[in-house]
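A look at the structure
One letter stands for each residue in the lines below.
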Amino acid sequence: MTLTQDSLPQTRHLATPIPGPASTALHREREAQVTSGFGVALPVFINRAAGGILEDVDGNRIIDLAAGIAVTSVGASNAHVQAQVARQMGKFTHTCFMVTEYDSFTKVAAWLNAHTPGDFDKRTALFSTGAEAVENAVKIARAATGRERVLVFDDAYHGRSLLTMAMTAKVNPYKLNFGPFPGEVFRAPTATRLWTRREDATAAAALAGVEQLLADNGPETFAAMVIEPIQGEGGFLIPAPGFLAGLREIATRHGIALVMDEIQTGLGRTGTLFASEHEGVAGDITLTAKALAGGLPLSAVTGRADIMNAVHKGGLGGTYAGNPVACAAALGVFEAFEDGTLLENASAIETTSREVLEPLATETSIIAEFRGRGAMLALEFTDKTTLAPLPGLAAEVAAACHRQGVLVLVCGTDGNVIRLLPPLVIGQELLRDGLQVLRDAIIAVDNAQQDPHTAAALAAV
Ligand SMILES: *Cc1c(COP(=O)(O)O)cnc(C)c1O
């Protein structure tokens, strides 16, 4: 039987402590079999998932404010995705697009060519993971420009493969012990509003830094400039107005390909199909992955036809690149976006979250800022007087939410940000319940900060 949003109650329910006994037993077995190199945000094992609910093997119904890191935007049991995948599964699972062809690959490419920002002739290449899309964008930009260097930014996250680790900023956990990394990657300042570094946040200052870095190293040696329109793992950092437009102008002036990494921000997450639309800026290349295929592995590099076609025949590919089942899932995702409801939902999620959470920035001493766009929202835990990041308190609040059946994730270069990435199909009532749990947890931790005697008692709750 197929699970739908209607057959899994859209209410939070605690049947056992979280994690419960069944999850705890399965986790013990996991530790005996699986490398300890994988972390886990919340050690519960999922039985079913739909809408805004993850149901675990102990019967707990957990509110999903993570969407598998911005992947299940259309829901983890979307009817369009299920129907498309089932149809494809009934025909064949794989041919390898480099061996024999199938039309769903072309259809996904056509949709991306039509919907990614930029009013120019485009071509698309499909792969499996986000890191693979980033790597291929660099390969393509190098082939198209005849240059080697890559410009990336402070607080950037682009993946865990060797090249993308070099492009990612944060060392622990992503890069620690894994070097040496590929060379020719240069890091420039960005214009983000981050409380801990607020004085550096103007677009003009950051753009001057970019110009200086290019001038010092020869702008004619740079193939690509890669940026997330809102930085994800770095802490949900929104660029100061004019920064992306400034980068667009610099890239054009120096013949550098501007690559928009929309892997986390894309496919409706921020209330528009692509986050760069908020800035009125189009990359020469736009990258998508995460939400593209509703949970199946699929990523895409979409860009100007002359750039995308500059690669020699056979230069791009991969055994699983654009797998037919994943392409079918993407066609289901595109259907789900067709009537505009999901984009409206993203905006409604922002309105409700802002109403419940934004006052915490003035009501508490531990929340410096509530920020984000659409359904990509975050709370920064920073002491507003000393500007010291408070990663321990962010972790404490996340743990309190988890115990009460609300899944939130922590991010940020300093680990001091709680981020919200609910599925766009989450119901308003369920969302409000989850937000209230988060709000209460923050107020309790804030009160404990004022009164250290209650801190110990609170940790036991
Ligand atoms: C997740 C992410 C990636 C890497 O994607 P994977 O599928 O994990 O390889 C790259 N860029 C951004 C902005 C991401 O959020």
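Since the model is a prediction, treat every value here as computed from it, not as a measurement.

For the rest of this paragraph, the subject is the domain arrangement of the chain. Structurally, the chain comprises domain 1 (21–77 + 343–460) and domain 2 (81–337). Taking only C-alpha atoms into account, the centre of domain 1 sits 27 Å from that of domain 2. Between domain 1 and domain 2, the residue contacts involve 39 residues of the former and 35 residues of the latter. Along the contact surface separating domain 1 from domain 2 lie two salt bridges. In this structure, Arg419 and Glu233 form a salt bridge, with 3.0 Å as the shortest nitrogen-oxygen distance. Taken together, the elements giving at least two residues each to the side of domain 1 that touches domain 2 come down to α2 (67–70), α11 (341–357), β11 (367–373), β12 (376–381) and β15 (417–420). A per-element tally of the side of domain 1 that touches domain 2 places β11 first, with five residues.

What follows deals with the state of the cysteines. Taken as a whole, this structure holds zero disulfides when the rule is applied. Here Cys96 stays unpaired: no disulfide links it, and the sulfur of Cys327, its closest cysteine neighbor, is 12 Å away. Cys96 sits in the buried class, given a relative accessible area of 7%. Cysteine Cys401 remains unbridged, with the sulfur of Cys411 as its closest cysteine sulfur at 14 Å.

What follows concerns the environment of Ile366. Take Ile366: it is sitting in the loop between α12 (360–363) and β11. Given the relative accessible area of 2%, Ile366 is considered buried. Taking C-alpha positions, Ile366 is 40 Å from Asp339, a pair spaced 27 residues apart along the chain. Leave out the neighbours within four places in its chain, and Ile366 touches Glu380, Phe381, Thr382, Leu390, Leu393, Ile442, Val445, Asp446 and Gln449.

Within a sheet, each strand pairs with its neighbour through backbone hydrogen bonds, oriented either parallel or antiparallel. Overall, mixed pairing links the four strands, which are arranged β1-β2-β3-β13 in an open sheet. Pairing within the sheet leaves two strands with one partner each, and these edge strands are β1 (46–50) and β13 (406–407). Sheet topology note: the strand β3 (residues 61–64)/β13 ladder contains two bridges and is parallel. Paired with Asp64 across the two strands is Leu407, which belongs to β13.

Taken together, Thr129, Gly130, Ala131, Tyr157, His158, Gly159, Glu228, Asp261, Ile263, Gln264 and Lys290 make up the full set of residues near the ligand. At a separation of 2.7 Å, an oxygen atom of the ligand approaches a polar backbone atom of Ala131. One of the side-chain nitrogen or oxygen atoms of Asp261 is found 2.7 Å away from a nitrogen atom of the ligand. Protein coverage of the free-state accessible area of the ligand, which is 380 Å², stands at 82%. Taken together, the residues of the shell around the ligand sort by class into three nonpolar, five polar and three charged.

Here Ile18 and Pro19 are connected by a cis peptide whose omega angle stands at -5°. Locating Pro19 in the fold gives a position in the segment before α1 (21–33). Residue Pro173 follows Asn172 across a cis peptide bond; omega there is 15°. Locating Pro173 in the fold gives a position in the loop between α6 (162–167) and β6 (185–188).

With that settled, the discussion passes to the side chain of Thr288. Turning to its location among the elements, Thr288 is positioned in strand β9 (residues 285–288). On the basis of relative accessibility, which here comes to 1%, the residue Thr288 falls in the buried class.

Below, the discussion takes up the packing of aromatic side chains. One pass over the full model with this rule turns up eight aromatic pairs. Each ring, one from Tyr102 and one from Phe105, has its centre 6.3 Å from the other, and the planes form 65°; the classification is edge-to-face. Phe105 carries the same exposure label as Tyr102, and that label is buried. Consider the rings of Phe186 and Phe222, whose centres lie 5.3 Å apart with planes at 65°: the pair is edge-to-face.

Between helix α13 (residues 391–403) and helix α14 (residues 428–450), the shortest axis-to-axis distance is 9 Å and the interhelical angle comes to 135°. By the angle between their axes, α13 is oblique relative to α14. Relative to α14, α13 is oriented so that their crossing is right-handed. Across from Leu393, Glu396, Val397, Ala400 and Cys401 in α13, the residues of α14 making contact are Val437, Leu438, Ala441, Ile442, Val445 and Gln449. Along the lines of polarity and charge, the residues of the contact of α13 with α14 split into nine nonpolar, one polar and one charged.

Turning our eyes to something else, we now look at the sheet that holds strand β14 (residues 409–411). Spatially, the four strands line up as an open sheet ordered β11-β12-β15-β14, and their pairing is antiparallel. At either margin of the open sheet sits one strand with a lone partner, and together these are β11 and β14. The sheet shows a mean angle of 25° between the axes of neighbouring strands, taken without regard to direction. Here β12 runs beside β15; their pairing, made up of four bridges, is antiparallel. Bridge pairing in β15 places Leu377 opposite Leu420. On top of the sheet, α11 reaches β11, β12 and β15; it is set at about 170° to β11, its chief contact.

What follows concerns helix α10 (residues 324–337). The first and last C-alpha atoms of α10 sit 20 Å apart over 14 residues, in line with the 20 Å expected at 1.5 Å per residue. Burial analysis of α10 places 13 of its 14 residues in the buried class, which makes it a mostly covered element. Capping the start of α10, Asn323 holds a side-chain oxygen 2.8 Å from the backbone nitrogen of Val325, two or three residues further along.

Time to look at the packing of α11 against α14. Where α11 meets α14, the axes come as close as 10 Å, and the angle between the chain directions of the two elements is 30°. It follows that α11 is roughly parallel to α14 by the angle criterion. In the crossing of α11 with α14, the sense of the turn from one axis to the other is right-handed. Contact residues: Ala348, Ile349, Thr352, Ser353, Glu355, Val356 and Leu357 in α11; Gln428, Leu431, Arg432, Leu435, Gln436, Leu438 and Arg439 in α14.

The rules behind these values
- Residues numbered from 1 in each chain as written.
- Predicted model: local features only at pLDDT ≥ 70, side-chain atom pairs only at ≥ 80, totals over all residues.
- Heavy atoms only, no water.
- Domains from an automatic or database assignment.
- Contact = heavy atoms within 4.5 Å.
- Salt bridge = Lys/Arg side-chain N within 4 Å of Asp/Glu carboxyl O.
- Helix = DSSP H or I, 4+ residues; strand = E, 2+ residues; numbered from the N terminus.
- Disulfide = S-S within 2.5 Å.
- Buried < 20%, exposed > 50% of the residue type's maximum accessible area, 1.4 Å probe, protein only.
- Pairing = 2+ DSSP bridges.
- Near = heavy atom within 4 Å.
- Polar contact = N/O pair within 3.5 Å; in protein donor to acceptor, adjacent residues only side chain to side chain.
- Areas by Shrake-Rupley, 256 points an atom, 1.4 Å probe, with all protein chains shown as cover.
- Nonpolar A, V, L, I, M, F, W, Y, C, P; charged D, E, K, R; others polar.
- Phe/Tyr/Trp six-rings, centres within 6.5 Å; stacked < 30°, edge-to-face > 60°.
- Axes fitted to C-alpha atoms, helices over the stretch in contact; angles between N-to-C directions.
- Parallel < 35°, antiparallel > 145°, perpendicular 65-115°, else oblique.
- Left-handed = near helix turned anticlockwise from the far one by under 90°.
- Expected span 1.5 Å × (residues − 1).

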